[in-house]
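Architecture and fold: a report
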Amino acid sequence: MILSQRHKEFREKIRAFADNEVAPRAKEIDKKSEFPWDLIKRMAELKLLGLYVPEEYGGAGLDVLSYAIAVEEIGRVCGSTGIFLAAHSSLGVFPIYYAGTEEQKKKWLIPLAKGEKIGSFGLTEPNAGSDAAGTQTRYKLVGDKYIINGTKRFITSGHVADVIIFTATKDPTLGYKGISAFVVEKGTPGFTPGREEDKLGLRGSITSELIFEDCAIPQENLLGKEGDGFKIFMETLDGGRISIGALALGIAQGALDASIKFVKENNLHKEQSIQSRIAEMSTEIEAARLLVYHAAQLKDAGLPYVKESAMAKYYASTIGMKATSLAIDIHGLFGITDEYPVERFLRDEKLMEIGEGTSEIQKIVIARQLLGK
Amino acid sequence: MGLINLNNEQKMVQNEVKKFALQEIEPIVQEIEKNAGIPEVIFRKLNELGILSPIIPQEYGGAGFDTTSLCIIIEELSKICASLGLVVAVNNGLVAYSLMKSRNEKSKTYLKRLGNGELGGFDIDFDKNLQIISQNPLKINGRSRFVLSGAYAKFLLLDIKTENGWSLYLIESSDKSKITNPYLLGMRSAGIVDITFDNLEIPDDFCLLDGTVYNTTMEETRDYFNLCLSAVGLGIAQAALEASIKYAKERRQFNRPICEFPMVQEMLAEMKIRIESSRNLVYDAAIRYDTKEETRMAVKIAVTASTESAVYCGIKGVQIFGGYGYTKDYPVERYLRDAKALEVLGDSPIKLREIIARELIS
């Protein structure tokens, strides 16, 4: 795919930021499980936190392709910072952009897109993972407020988010039809972030529980209509998959870049067994890039992109695991030390096969598009 | 009758180790992982059972077990704690094995010490940064990376290139060798360390192997160690499969246990296929040692298949556990990390294929 001049320049800009400011922090962020406040502030200054949101709503007014490029470039050096950007933009910003009223957009979208506030998305629950419609968090209209009870789990940026979009059901027996989406703000009585996960990778990203105990939420915090929750989160995830695909792609590219550097430094570039693997990795990465960009362009053009975004995420994460694993093989024993970034890339990459719909769910999404329900 | 037929003694060893690992290691395995260290008492208990240095002949205080039994022991320990399995692999596959091959009288003393429950370390850094300050007496400075079992070892084996070529030396741990612990992706409790030597003098009679004997013996030792590593891989892969089966039966999504979904079943089946394939290869190679048949090719195939199967099972194990698998609340992320570390501890999968091909066309 040939990028437009505009996209090329944008990539150069983000790459410079990633190389100069994010890369030097990446190892420390992982080691100390440090949430990268400093980099988030910088991303806000660079208008990266609402890339595809129109300028009138505080965004940069760019497109989904630019957004995918940004996630890819940052993911290339730091998965933790990349997942923050992806979760904030696709899961925090998007639902309000997509389903919010003018008033809701003014109240939440603008500060989120400007990066003044951090967004998060509470969908997964202890017993509702792949079966996201199996949500057990309940809501009930009492007087003029919705009363929420339940627990969410594995919520990216849950602990630090100012604005959280979440799903709850009126009655679990109604299935997906009973689900609505709401906004809760940090500090609302009855709403507390629970325990944080100690994770294999993406250790600078915060993953936490959200606990609702008789939490009262104003009626104007309902997104869309009652019962729209399923549609909103499906649409959110369809788009989110492009960014996870982009992140998987970026991490894989990081692993390839590190391998090329290692091979050259250690004079291994003439070894055919090494050449073969470098060629394999880069070919698959390039193919993944085409899928990710293609899905982004379809979304930008207002065309159907459900199948393509699922393919992009599925493929990019699959070849990403292969690439990060091969990168360790190429580094040999040094690959499992922290003197090179490749072991971090492998740990970070594994989430890409799980988060925002596992590879198995992606295959179901793809198959349904081809075979019908 | 299957290909792997354990005799009564081997079955007994298997049951004993299984029981020990479940009772004594399993309850503290998370603590071991957290502290990146195995308590000394575990090694003492292993020695009492005769499974710390099982291949050492009884005259030196060992159990005198065969290679098949050694693999059984390593596999069973690795199912519960791969780092511990690796320490036993190093103690036997590298340290005891090369001591047994050495013609130096001193090696008997050290075999006895191993038989007494001491642990030995082994340096696997081929590009180590050592300077020889003087040849006679031999004095070294510099650093060696990735000394296996270095944190637990009372003595270690180190190959050094002197003016007479490569030789294997034995050195006692002393204040002239300073230990640092590198961060590692996996096998964090196996005591893999970097050691810096400060004007360490190595007496002449501490040379275990030199000349052409060095080359052939080291090749044999590496083969034997590869077999031990393949048994570690088998243990990790099996643990990942067992945990995955249990979880897939318990975890419910879409109103049924996830083990009922064909895509989950496929992963379980694929794990099983790879494990049983590599199990046959590992024990075929082990039996070849016990029956004194040709082993060169068999061990290389076994270690490649087994460690790759372990990585596969680690990755799919985390996948089956989903978000939970990505956390430290469940052991599958450790299986993945340990498996990947294991894969590059011996020869890397890239290198192994080169070596296998070389054997085929030579």
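Residues numbered from 1 in each chain as written. Chains lettered and ligands numbered in written order. Predicted model: local features only at pLDDT ≥ 70, side-chain atom pairs only at ≥ 80, totals over all residues. Heavy atoms only, no water.

**Here's the deal with the overall build of chain A**
Counted only if it meets this: Helix and strand definitions follow DSSP, with helices as H or I runs of at least four residues and strands as E runs of at least two, each counted in order from the N terminus. It is over C-alpha atoms that the radius of gyration is taken, and the globule rule equals 2.2 Å times the number of residues to the power 0.38. Buried, partly exposed and exposed residues are distinguished by accessible area as a fraction of the type maximum, computed with a 1.4 Å probe on protein chains only: under 20%, between the cut-offs, and over 50%, respectively. The method behind every accessible area is Shrake-Rupley, applied with a 1.4 Å probe, and residues are considered shielded solely by the protein chains displayed. By the counting scheme adopted, Arg and Lys are positive, Glu and Asp are negative, and His together with the chain ends is not counted. Taken as the charge location is NZ of Lys, CZ of Arg, CG of Asp or CD of Glu.
A tally of regular secondary structure across chain A gives 10 helices and eight strands. Taken against the 2.2 N^0.38 rule, which gives 21 Å for 373 residues, the C-alpha radius of gyration of chain A at 20 Å falls within 12% of a compact globule. Seen along its three principal axes, the alpha-carbon backbone of chain A occupies a region of about 75 × 45 × 40 Å. Evaluated residue by residue, chain A yields a buried proportion of 61% over its 373 residues. Element-wise, carbon and sulfur atoms account for 53% of the exposed surface of chain A, whose accessible area totals about 14100 Å². Separation between the mean location of the 47 positive side-chain charges and that of the 51 negative ones in chain A comes to 2 Å.

**What to know about the packing of helix α3 (residues 64–75) of chain A against helix α6 (residues 229–265) of chain A**
Residues and elements named next belong to chain A. So the rule is basically this: Fitted lines through C-alpha atoms serve as axes, helices being fitted only where they are in contact, and the angles separating the N-to-C directions of these axes extend from 0 to 180 degrees. We call a crossing left-handed when the near helix sits turned anticlockwise from the far one by less than a right angle, and right-handed when that turn is clockwise. The criterion used for residue contact is that any of the two residues' heavy atoms lie within 4.5 Å. When residue character is reported, Ala, Val, Leu, Ile, Met, Phe, Trp, Tyr, Cys and Pro are called nonpolar, Asp, Glu, Lys and Arg charged, and the others, Gly included, polar.
For the pair α3 and α6, interaxial distance at closest approach is 7 Å and the crossing angle is 35°. The way α3 lies across α6 gives a crossing that is right-handed. For the pair α3 and α6, the contacting residues are Val64, Tyr67, Ala68, Val71, Glu72 and Gly75 in the first and Ile242, Ser243, Ala246, Leu247, Leu249, Gly250 and Ile251 in the second. Partitioning the contact of α3 with α6 into residue classes produces nine nonpolar, three polar and one charged.

**Observations regarding the side chain of A:Ser205**
Relative to the helices and strands, A:Ser205 is located in the loop between β6 (191–196) and β7 (207–218). Excluding residues within four positions of it along the chain, A:Ser205 makes contact with A:Ser80, A:Ile83, A:Thr156 and A:Lys199.

**A few points about the pairing of strand β5 (residues 179–185) of chain A**
All names here are of chain A. Worth spelling out the cut-off: A pair of strands is considered paired only if DSSP assigns at least 2 bridges between the two.
The buried fraction of β5 amounts to six of the seven residues, a majority that puts the element mostly inside the structure. By the bridge criterion, seven bridges tie strand β4 (residues 163–169) to β5 in an arrangement that is antiparallel. For Thr169, the partnering residue across the bridge sits in β5 and is Ile179. Alignment of β5 against strand β8 (residues 222–223), held across two bridges, turns out to be antiparallel. Paired with Ala181 across the bridge in β8 is Leu223.

**As for the domain arrangement of chain B**
All names here are of chain B. What counts, and what does not: Where each domain begins and ends follows an automated or database-derived domain assignment. When two parts are brought into contact, each loses some accessible area as probed by a 1.4 Å sphere; the total of that loss over both is the buried area.
Assigned domains of chain B: these are domain 1 (8–115), domain 2 (120–211) and domain 3 (213–361). The C-alpha centroid of domain 2 is placed 22 Å from the C-alpha centroid of domain 1. Tallying the contact residues gives 25 residues for domain 1 and 23 residues for domain 2. Of the roughly 2000 Å² buried between domain 1 and domain 2, counting both surfaces, carbon and sulfur atoms make up 65%.

**Considering the packing of helix α5 (residues 82–101) of chain B against helix α7 (residues 211–250) of chain B**
Residues and elements named next belong to chain B. Put simply, the rule is: Should an angle fall under 35 degrees it is taken as roughly parallel, and over 145 as roughly antiparallel, whereas 65 to 115 is taken as roughly perpendicular and any remaining angle as oblique.
Interaxial distance between α5 and α7 falls to 9 Å at its minimum, and their mutual angle equals 160°. Taken together, the axes of α5 and α7 are roughly antiparallel relative to one another. Seen along the crossing, α5 lies across α7 with a hand that is right-handed. Facing Ala82, Gly85, Leu86, Ala89, Val90, Asn92, Gly93, Leu94, Tyr97, Ser98 and Lys101 of α5, the residues of α7 in contact are Thr217, Glu220, Thr221, Tyr224, Phe225, Cys228, Leu229, Val232 and Ile236.

**Structural notes on the nonpolar core**
To keep things clear, this is the line we draw: Among buried residues, the Ala, Val, Leu, Ile, Met, Phe, Trp, Tyr and Cys ones that are joined through side-chain atoms within 4.5 Å form a nonpolar core.
Counting 249 residues, the largest nonpolar core has B:Leu46, B:Leu86 and B:Met187 as the members making the most contacts within it. Here B:Leu46 is in contact with B:Phe20, B:Ile51, B:Leu52, B:Leu77, B:Leu84 and B:Val88, once residues within four sequence places are set aside.

**Focus on the pattern of salt bridges**
Residues and elements named next belong to chain B. What counts, and what does not: When a carboxyl oxygen of Asp or Glu lies within 4 Å of a side-chain nitrogen of Lys or Arg, that pair is called a salt bridge.
For the structure on display, the rule yields 61 salt bridges over all chains. Among the ionic pairs, Glu250 bridges to Lys246, the shortest N-O distance being 3.5 Å. With Glu250 and Lys246 both in helix α7, this residue pair falls four residues apart, about one helical turn. Comparing Glu250 with Lys246 shows no difference in burial state: the two are exposed. A salt bridge links Glu343 to Lys340, with the nearest nitrogen and oxygen atoms 2.6 Å apart. Here the residue Glu343 and the residue Lys340 both occupy positions in helix α10 (residues 332–345), the gap between them amounting to three residues, near one helical turn.

**Thoughts on the interface of chain A and chain B**
We apply this condition: Between N or O atoms, a polar contact is any pair within 3.5 Å; within protein, one atom must be a potential hydrogen donor and the other a potential acceptor, and residues adjacent in sequence are included only when both atoms are from side chains.
Taken residue by residue, the interface counts 47 residues in chain A and 37 residues in chain B. A combined buried area of about 3600 Å² lies between chain A and chain B, and 63% of that area is made up of carbon and sulfur atoms. Of all residues in chain A, A:Leu200, A:Leu333 and A:Ile336 give up the largest surface area on contact with chain B, accounting jointly for 19% of the area buried on that side. Across the pair A:Arg153 and B:Asp329 runs a salt bridge, and its minimum N-O distance is 3.3 Å. On inspection of chain A and its partner chain B, the count reaches 24 residue pairs in polar contact (both at pLDDT 80 or more). Within the residue set of the side of chain A that touches chain B, elements represented by two or more residues are β3 (145–156), α7 (272–300), α8 (306–331), α9 (342–350) and α10 (359–371) of chain A.

**Topic: unusual backbone geometry**
Look at the link from B:Asn136 to B:Pro137: it is a cis peptide, with omega at 0°. Mapped onto the elements of the fold, B:Pro137 is located in the loop between β2 (129–134) and β3 (138–148). One non-glycine residue, A:Ser157, lies in the positive phi region at around 65°. Along the polypeptide, A:Ser157 turns up in the loop between β3 and β4. Note on A:Ser157: relative accessible area 1%, which makes it buried.

**With respect to the pairing of strand β7 (residues 193–202) of chain B**
Residues and elements named next belong to chain B. Where β3 and β7 come together, seven bridges link them in antiparallel fashion. Following the sheet pairing, Gly142 is matched in β7 by Phe197. Sheet analysis places strand β6 (residues 177–180) next to β7, joined by four bridges and oriented antiparallel. Within β7, the position partnered with Thr180 by the bridge is Asp194.

**Some words on the side chain of A:Lys152**
All names here are of chain A. You can see Lys152 is positioned in strand β3. Its relative accessible area of 0% is what places Lys152 among the buried residues. Of note is the side chain of Lys152, whose polar atom sits 2.8 Å from the side chain of Glu125. Within the structure, Lys152 has its side chain in polar contact with the backbone oxygen of Thr167 (distance 2.8 Å).

**Concerning the packing of aromatic side chains**
Our working rule: Within 6.5 Å between ring centres, the rings of Phe, Tyr and Trp (the latter by its six-membered ring) count as paired, and their orientation is classed by plane angle as stacked under 30 degrees, edge-to-face over 60, tilted in between. Criterion for a charge above a ring: Lys NZ or Arg CZ within 6 Å of the ring centre, and within 35 degrees of the ring normal.
Applying the stated criterion across every chain, the model contains 27 aromatic pairs over all chains. The lysine or arginine in question, B:Arg274, covers the ring of B:Tyr312, its NZ or CZ lying 3.7 Å from the ring centre.

**Side note on helix α4 (residues 67–80) of chain B**
Definition in use: Here the expected length of a helix is defined as 1.5 Å per residue gap, with one fewer gap than residues.
Here α4(B) spans 21 Å end to end across 14 residues, near enough to the 20 Å set by a 1.5 Å rise per residue. In terms of burial, α4(B) is a largely internal element, 14 of the 14 residues being buried.

**Some points on the state of the cysteines**
Residues and elements named next belong to chain B. Short version of the rule: Two cysteine sulfurs form what is called a disulfide whenever their separation falls within 2.5 Å.
Tallied over the entire structure, the rule returns zero disulfides over all chains. Cysteine Cys71 shares no disulfide, and the gap to the nearest cysteine sulfur, in Cys228, comes to 5.9 Å. Among the residues examined, Cys71 registers a relative accessible area of 0% and is labelled buried.

**Quick word on helix α11 (residues 349–361) of chain B**
In this model α11(B) runs 19 Å from its N-terminal to its C-terminal C-alpha over 13 residues, within 8% of the 18 Å that 1.5 Å per residue would give. Of the positions making up α11(B), those classed as buried are B:Pro349, B:Ile350, B:Leu352, B:Ile355 and B:Ile356. Among the structural elements, α7 and α8 of chain A together with α7, α9 (296–325) and α10 of chain B are those in contact with the buried residues of α11(B).

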